[in-house]
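Coordinate inspection notes
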Amino acid sequence: MPSARSRRAASQPAAALTASGVARLLPDVDQPGAMLLTVNEVPQSYVDLEDPTRLEFEYIQRLAHVADAVFPAGARIDALHLGGGALSLPRYLAHTRPGSGQLAVEIDGQLVAFVREHLPWDRRWRLKVRTGDAREALASRRAGSADLVVADAFAGARTPAHLTSVEFVTLAAAALRPGGVYAANIADGAPLAFARGQAATVRAVFPHVVLIAEAAVLRGRRFGNLVLAASQEPLPISDLVRRAAGDPFPARVTGGEALDAWIAGATPVTDATAVPSPEPPPGAFEL
């Protein structure tokens, strides 16, 4: 449980200049103990110290659905999080899967210190946070040592190019145990060329892939987040469909031939052709 000091800290706004820019923690006036992290005014994480299962961002809910659908309820897992922010998903997994071993890699050490000061996590959790580049950390990971690899690393509001290629996804596949899952958060808008390229890239490495997104995002009607989940083993699509349909903002789960049709001839991205994800349009992340 959070300490009284932590609860007091989470009720006060805070700001700091980090390597990524201006980081701010804004209290949720309707939810005591909950804070929104922004960097350069772009929302990055939402954390409820009192209830780590309260996941405000839809894409974080979908990443949690992937873990909960694939792995038995309450079972400990080993997870590697590429991108840290305020650690919404690691906190959720630590709470729902006691004893899980987790490493979060965040390139901005000053941001890590800021979050650690104002939103400290339970020291009893087996959660480590390391400062460094996500791909370098992935390349150094022992083969077959993770059950879950989550790619959610952004530079500002864009995914860096070197985290979008077949070579990068191949490193993630090597880090996974049999039955393990790779999950990635993607941000894109019409014409969804980046997202289609990412789906093709993941399909080039994993035989089983699903895409989870709201219909409006999937059809390119608005800029938003899409989640890719992939494994060497079949994914529990029916369970994912049920979970995604029950969200406050329901999402669709697309796989198999339907995903092939959605990819629509996009080719896998390599290190030689990789580019960052597109810049969000003005107002995409208005608070």
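Keep in mind that what you see is a predicted model, and the values were worked out from it rather than measured.

1. Some thoughts on the overall build of the protein
The number of helices and strands found in the protein is ten helices and twelve strands. Against the compact-globule benchmark of 19 Å for 287 residues, the protein has a radius of gyration of 18 Å, which places it among compact chains. Each of the three principal axes of the protein carries a C-alpha extent, and together these read 55 × 40 × 35 Å. Taking all 287 residues of the protein together, the buried fraction comes to 54%. Here the analysis covers contacts within the protein between residues at least 6 apart in sequence; of these, 71% occur between residues at least 24 apart. As displayed, the protein offers around 12600 Å² of accessible surface, 54% of which is attributable to carbon and sulfur atoms. Between the averaged position of the 28 positive side-chain charges in the protein and that of its 29 negative side-chain charges there is a distance of 5 Å.

2. Focus on the sheet that holds strand S3 (residues 34-39)
For sheets, the rule is that strands pair by backbone hydrogen bonds, running either parallel or antiparallel. Here we have four strands laid out as an open sheet, ordered S1-S2-S3-S4, and antiparallel in their pairing. A single partner strand is all that each edge strand has here, and the edge strands are strand S1 (14-18) and strand S4 (42-48). Averaged over all pairs of adjacent strands, the angle between strand axes in this sheet comes to 20°, irrespective of strand direction. As paired elements, strand S2 (residues 21-27) and S3 share five bridges and run antiparallel to each other. Paired with Pro27 across the bridge in S3 is Met35.

3. Here we look at the packing of aromatic side chains
Under the counting rule described, the total for this entry stands at two aromatic pairs. Note on Phe57 and Tyr59: the rings are 6.2 Å apart at their centroids and 35° apart in plane angle, and the pair reads as tilted. For the pair Phe57 and Tyr59, one class covers both residues: buried. The interplanar angle of 5° and the centroid separation of 6.0 Å between the aromatic rings of Tyr182 and Phe206 together place this pair among those described as stacked. With Tyr182 in strand S9 (residues 176-188) and Phe206 in the loop between helix H7 (193-203) and strand S10 (208-213), this residue pair connects regions lying 24 residues apart in the sequence. As far as the burial class goes, Tyr182 and Phe206 line up, both buried. Residue placement shows Arg196 over the ring face of Trp262; its charged tip is 4.8 Å from the ring centre.

4. Quick notes on the pattern of salt bridges
Overall, the coordinates contain 16 salt bridges when judged by the stated rule. The closest approach of N and O atoms between Glu41 and Arg24, which form a salt bridge, is 3.3 Å. Placement of Glu41 in the loop between S3 and S4 and of Arg24 in strand S2 is noted, with a sequence separation of 17 residues between them. Look at Glu41 and you get partly exposed, because its relative accessible area is 46%. Arg124 serves as the salt-bridge partner of Asp122, at 2.8 Å between the closest nitrogen and oxygen. What makes Arg124 exposed here is its relative accessible area of 65%. Where salt bridges share partners, they join Arg62, Glu214, Arg222 and Asp247 into one cluster.

5. With respect to helix H6 (residues 166-175)
One full turn of an α-helix is made of 3.6 residues, so residues set three or four places apart face in the same direction. All of the buried residues along H6 are Val166, Phe168, Val169, Ala172, Ala173 and Ala175. Looking at the buried positions of H6, the neighbouring elements they touch are strand S5 (78-82), helix H5 (134-139), strand S8 (146-151), S9 and H7.

6. Concerning the sheet that holds S9
Reading across the sheet, the eight strands line up as S7-S6-S5-S8-S9-S11-S10-S12 and stay open at both edges, with mixed pairing between neighbours. A strand with exactly one partner marks an edge of an open sheet, and here the two such strands are strand S7 (127-131) and strand S12 (252-255). Pairs of neighbouring strands in the sheet enclose a mean axial angle of 15°, with direction left out of account. Of the strand pairs in this sheet, S5 and strand S6 (residues 101-106) are connected by five bridges, and their pairing is parallel. Paired with His81 across the bridge in S6 is Ala104. The strands touched by helix H3 (residues 88-96) are S5, S6, S7 and S8; relative to S5, the strand with the most contacts, the crossing angle is about 170°. Seen against the sheet, H7 touches S9, S10 and strand S11 (224-231) and runs at an angle of roughly 170° to S9.

7. What to know about the nonpolar core
Counting 41 residues, the largest nonpolar core has Val149, Tyr182, Phe206 and Trp262 as the members making the most contacts within it. Take this core: its biggest share by element is six residues, from H6. Counting residues in each nonpolar core, the second largest holds 31 residues, with Leu55, Tyr59, Ala69 and Ile212 among its members.

Procedures and definitions
- Residues numbered from 1 in each chain as written.
- Predicted model: local features only at pLDDT ≥ 70, side-chain atom pairs only at ≥ 80, totals over all residues.
- Heavy atoms only, no water.
- Helix = DSSP H or I, 4+ residues; strand = E, 2+ residues; numbered from the N terminus.
- Rg over C-alpha atoms; globule rule 2.2 N^0.38 Å.
- Buried < 20%, exposed > 50% of the residue type's maximum accessible area, 1.4 Å probe, protein only.
- Contact = heavy atoms within 4.5 Å.
- Areas by Shrake-Rupley, 256 points an atom, 1.4 Å probe, with all protein chains shown as cover.
- Lys, Arg positive; Asp, Glu negative; His and termini not counted.
- Charge placed at Lys NZ, Arg CZ, Asp CG, Glu CD.
- Pairing = 2+ DSSP bridges.
- Axes fitted to C-alpha atoms, helices over the stretch in contact; angles between N-to-C directions.
- Phe/Tyr/Trp six-rings, centres within 6.5 Å; stacked < 30°, edge-to-face > 60°.
- Lys NZ or Arg CZ within 6 Å of the ring centre and 35° of its normal.
- Salt bridge = Lys/Arg side-chain N within 4 Å of Asp/Glu carboxyl O.
- Core = buried A, V, L, I, M, F, W, Y, C linked by side-chain atoms within 4.5 Å.

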